[in-house]
Amino acid sequence: MNLTAKPLTLALAVAGALTLALPVARAANPCKPLRAQDEKPLCGKNPCAASDRIDPKLVTRPKNYKPYAGNPAELKKEGERLWKDTKLSTNGMSCYACHQGNGAFQASFAKPYPHQVQMAKERAKMKTTHLDEMIQICMVAPMAAKPLAWDSKELAALTAYTADVQKSFKPAKGPVANPCAAKNPCAPKK
Ligand code: HEC
């Protein structure tokens with residue numbers, strides 16, 4: 001073996017060892033990145049820390065509000081697709097990540113809109129919310145994105161589909177698991 005080859009061999013050996021160690025380190029991480037099919041919401045920075053205020057102006061229906069009008073069946077179908085679309089958020093979240101199987105919905109979801117929703121009241125000081133306003137709140141807070149344009153097809157589609165989900169919603173008997181609870185399930189154990 002000549003002299004120049006030695007450091008190279010060493011470097012290769014180190015690189016090899018790292019490659020072997022990496023998958024192990026990844027597998028041990030309970031906070032894997034969120035995909036639509038994952039059951040648990042994204043971990044790491046809590047996307048809905050209760051302390052973060054939501055600007056009510058961003059999520060309140062504008063004056064002379066004219067929602068996008070389209071074919072109801074088509075909107076519902078598009079809304080169902082958007083529910084799983086992580087591109088709507090900036091943090092890998094989708095509506096589905098938290099709300100699949102009616103997850104995170106409190107008993108208030110069974111009432112006709114507008115009604116009071118705890119998160120809207122606490123964080124945006126809104127006494128009551130319409131369904132589309134609530135979707136905007138989830139866009140801004142847990143999804144860490146901008147509100148959708150009020151006259152957009154996206155908002156109309158999400159509203160149509162969520163209204164459909166609401167029809168078959170029955171409030172859970174026990175406490176509802178809140179993915180936005182202050183306790184972050186992925187915080188390092190003390
Ligand atoms: C990180 C989790 C999370 C994500 C992602 C999320 N939400 Fe929510 N959402 C919540 C929580 C928690 C509540 C319950 C708020 C309460 O009752 O105080 C909620 C409440 C709601 C409500 C109101 C229910 C009621 O009681 O009237 C609607 C509607 C809703 N979400 C729709 C959506 C839509 C549509 C999306 C996607 C654009 C979405 N959410 C994304 C966590 C999330």
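In this text, all values refer to a predicted model and were calculated from it rather than measured experimentally.

Engineer: How do you make sense of the coordination of the iron atom of the ligand when you look at a structure like this?
Structural biologist: Six octahedral donors at a metal ideally form angles of 90 or 180 degrees, and four tetrahedral donors ideally form angles of 109.5 degrees. Only His99 (NE2) and Cys138 (SG) from the protein reach the iron atom of the ligand as donors, at distances of 2.0 to 2.3 Å. Considering all 6 donor atoms around the iron atom of the ligand, the spread of angles at the metal, 87 to 178°, places the coordination shape in the octahedral class. Taken together, the residues histidine 99 in helix H4 (residues 95–99) and cysteine 138 in helix H6 (residues 131–140) connect sequence positions 39 residues apart. Pair check on accessibility: histidine 99 and cysteine 138 agree, each one buried.

Engineer: Please explain the packing of H6 against helix H7 (residues 153–167) as it appears in this structure.
Structural biologist: In a packed pair of helices, the relevant descriptors are the angle between the two axes and the axis-to-axis distance. It is at 10 Å that the axes of H6 and H7 come closest, and there the two elements cross at 110°. With respect to H7, the element H6 is oriented roughly perpendicular. Between H6 and H7 lies a crossing whose hand is right-handed. Touching Leu131, Asp132, Ile135 and Gln136 of H6 are Leu155, Leu158, Thr159, Thr162 and Ala163, all from H7. Residues that form the contact of H6 with H7 fall into these classes: 5 nonpolar, 3 polar and 1 charged.

Engineer: What should I look at first to understand the packing of aromatic side chains in this one?
Structural biologist: Any pair of aromatic rings gets described here by the distance separating the centres and the angle formed by the planes. Per the stated rule, a full pass over the model turns up 5 aromatic pairs. When the ring of tyrosine 65 is compared with that of tryptophan 150, the centres are 5.4 Å apart and the planes differ by 80°; the resulting orientation is edge-to-face. Taken together, the residues tyrosine 65 in the loop between helix H2 (56–59) and helix H3 (72–83) and tryptophan 150 in the loop between H6 and H7 connect sequence positions 85 residues apart. Here tryptophan 150 falls in the buried class, since its relative accessible area comes to 16%. With centroids separated by 3.8 Å and ring planes inclined at 15°, the aromatic side chains of phenylalanine 105 and phenylalanine 109 adopt a geometry described as stacked. Take phenylalanine 109: its relative accessible area is 4%, and that puts it in the buried class. Through a chain of ring-to-ring contacts, three or more aromatic side chains come together here, namely Phe105, Phe109 and Phe169.

Engineer: So what exactly am I meant to see when it comes to H7 here?
Structural biologist: Three- or four-residue spacings in an α-helix give side chains the same orientation, since the helix completes a turn every 3.6 residues. Compared with an ideal rise of 1.5 Å per residue, which puts 15 residues at 21 Å, H7 spans 21 Å between its outermost C-alpha atoms and is within 8% of the ideal. Every buried residue of H7 is accounted for by Leu155, Ala156, Ala157, Leu158, Thr159, Tyr161, Thr162, Val165 and Gln166. The elements touched by buried residues of H7 are H3, H4 and H6.

Engineer: Honestly, the site of the ligand in this entry has me stumped. Any pointers?
Structural biologist: Neighbouring the ligand are 28 residues; Cys95, Cys98, His99, Tyr113 and Cys138 lie closest to it. The side chain of histidine 99 places a nitrogen or oxygen atom 2.8 Å from a nitrogen atom of the ligand. Taking serine 108, its side chain carries an N or O atom lying 2.5 Å from an oxygen atom of the ligand. For the shell around the ligand, the secondary structure elements donating two or more residues are H4, helix H5 (118–124) and H6. Class assignment of the residues belonging to the shell around the ligand gives a composition of 20 nonpolar, 8 polar and no charged.

So, how was this worked out
Residues numbered from 1 in each chain as written. Predicted model: local features only at pLDDT ≥ 70, side-chain atom pairs only at ≥ 80, totals over all residues. Heavy atoms only, no water. Donors = N, O, S within 2.8 Å, 3.2 Å for Na, K, Ca; no water. Tetrahedral: all angles 85-135°; square planar, octahedral: opposite > 155°, others 65-115°. Helix = DSSP H or I, 4+ residues; strand = E, 2+ residues; numbered from the N terminus. Buried < 20%, exposed > 50% of the residue type's maximum accessible area, 1.4 Å probe, protein only. Axes fitted to C-alpha atoms, helices over the stretch in contact; angles between N-to-C directions. Parallel < 35°, antiparallel > 145°, perpendicular 65-115°, else oblique. Left-handed = near helix turned anticlockwise from the far one by under 90°. Contact = heavy atoms within 4.5 Å. Nonpolar A, V, L, I, M, F, W, Y, C, P; charged D, E, K, R; others polar. Phe/Tyr/Trp six-rings, centres within 6.5 Å; stacked < 30°, edge-to-face > 60°. Expected span 1.5 Å × (residues − 1). Near = heavy atom within 4 Å. Polar contact = N/O pair within 3.5 Å; in protein donor to acceptor, adjacent residues only side chain to side chain.

Note that all results are geometric; they support no functional claim without further evidence.
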